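# Inside the fold
One letter stands for each residue in the lines below.
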Amino acid sequence: MWCSIFRNSLVGPILYISTLNGDRFMQLVLNSTVTGLVDELPLVDLTHVWLQLDGDPPHHISAARRWLNAEFLHKWISYRVVLNFFLDTLT
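The structure reproduced in this document is the subject of the present report. (Residues numbered from 1 in each chain as written. Predicted model: local features only at pLDDT ≥ 70, side-chain atom pairs only at ≥ 80, totals over all residues. Heavy atoms only, no water.)

### Some remarks on the overall build of the chain
Within the chain one finds four helices and four strands. Its helices and strands taken in sequence order, the chain reads β-β-α-α-β-α-β-α from the N to the C terminus. Expressed as a percentage of contacts within the chain between residues at least 6 apart in sequence, the contacts between residues at least 24 apart total 52%. For the chain, the computed accessible surface area is about 6,200 Å², with 60% contributed by carbon and sulfur atoms. (Helix = DSSP H or I, 4+ residues; strand = E, 2+ residues; numbered from the N terminus. Contact = heavy atoms within 4.5 Å. Areas by Shrake-Rupley, 256 points an atom, 1.4 Å probe, with all protein chains shown as cover.)

Below is the structure:
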């Protein structure tokens, strides 16, 4: 399940039927759902958007971390956020 809060409104929830592994997280959530929502936001709103993740292992595959750093540079939060910047210096 994925959902968002934006300007005191709930977006979603969106239910994903299959197990969410790293590839599905990239395809269904980041490249589809999140990108679609971000593309519709005015730039003035986008500067105030942060992405928060719950620390699920698919969120931390190297491809997801690279995507998050490219799209939400220093504006994404995760259970493992302390490790994100350290791990990215190794890859």
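### Let's talk about helix 1 (residues 22-39)
By the largest-angle criterion, Leu-30 marks the main kink of helix 1, which is about 25°. Contact partners of the buried residues in helix 1: strand 1 (2-6), strand 2 (9-14), helix 2 (43-46), strand 3 (51-52) and helix 3 (62-71). Regarding helix 1, its N-cap is Asn-21, as a side-chain oxygen of that residue lies 3.2 Å from the backbone nitrogen of Asp-23 further along. (Bend = angle between axes of the 7 residues up to and from the residue. Polar contact = N/O pair within 3.5 Å; in protein donor to acceptor, adjacent residues only side chain to side chain.)

### Regarding the nonpolar core
One finds Leu-30, Val-34, Leu-51, Trp-67, Leu-68 and Phe-72 to be the most contacted residues of the largest nonpolar core, which totals 16 residues. Residue assignment for this core shows that the elements contributing at least two residues are helix 1 and helix 3. Among all residues touching Val-34, those that are not within four sequence positions of it are Trp-2, Val-29, Trp-67 and Phe-72. (Core = buried A, V, L, I, M, F, W, Y, C linked by side-chain atoms within 4.5 Å. Buried < 20%, exposed > 50% of the residue type's maximum accessible area, 1.4 Å probe, protein only.)

### Considering the environment of Lys-75
By the secondary structure assignment, Lys-75 is in the loop between helix 3 and strand 4 (76-77). Residues Lys-75 and Gln-52, spaced 23 residues apart in sequence, show a C-alpha to C-alpha distance of 8.7 Å. Setting aside residues up to four positions removed in sequence, Lys-75 forms contacts with Leu-46, Thr-47, His-48, Val-49, Trp-50 and Leu-51. At 3.5 Å, the side chain of Lys-75 and the backbone oxygen of Val-49 are in polar contact.

### Let's talk about the layout of surface pockets
Roughly 670 Å³ of internal volume is contained in the largest pocket. Lining of the largest pocket is provided by 26 residues; of these, Trp-2, Cys-3, Ser-4, Leu-51 and Gln-52 occupy positions nearest its centre. Among the secondary structure elements, those contributing two or more residues to the lining of the largest pocket are strand 1, helix 1 and strand 3. Among the residues forming the lining of the largest pocket, the class breakdown is 19 nonpolar, five polar and two charged. (1 Å grid on protein atoms, 1.4 Å probe; cavity = no way out; pocket = protein on both sides within 12 Å on 5 of 7 lines; lining within 4 Å. Points joined across faces, edges and corners; volume = space filled by probe spheres on them. Nonpolar A, V, L, I, M, F, W, Y, C, P; charged D, E, K, R; others polar.)

Everything listed is a geometric property; what it means functionally is a separate question.
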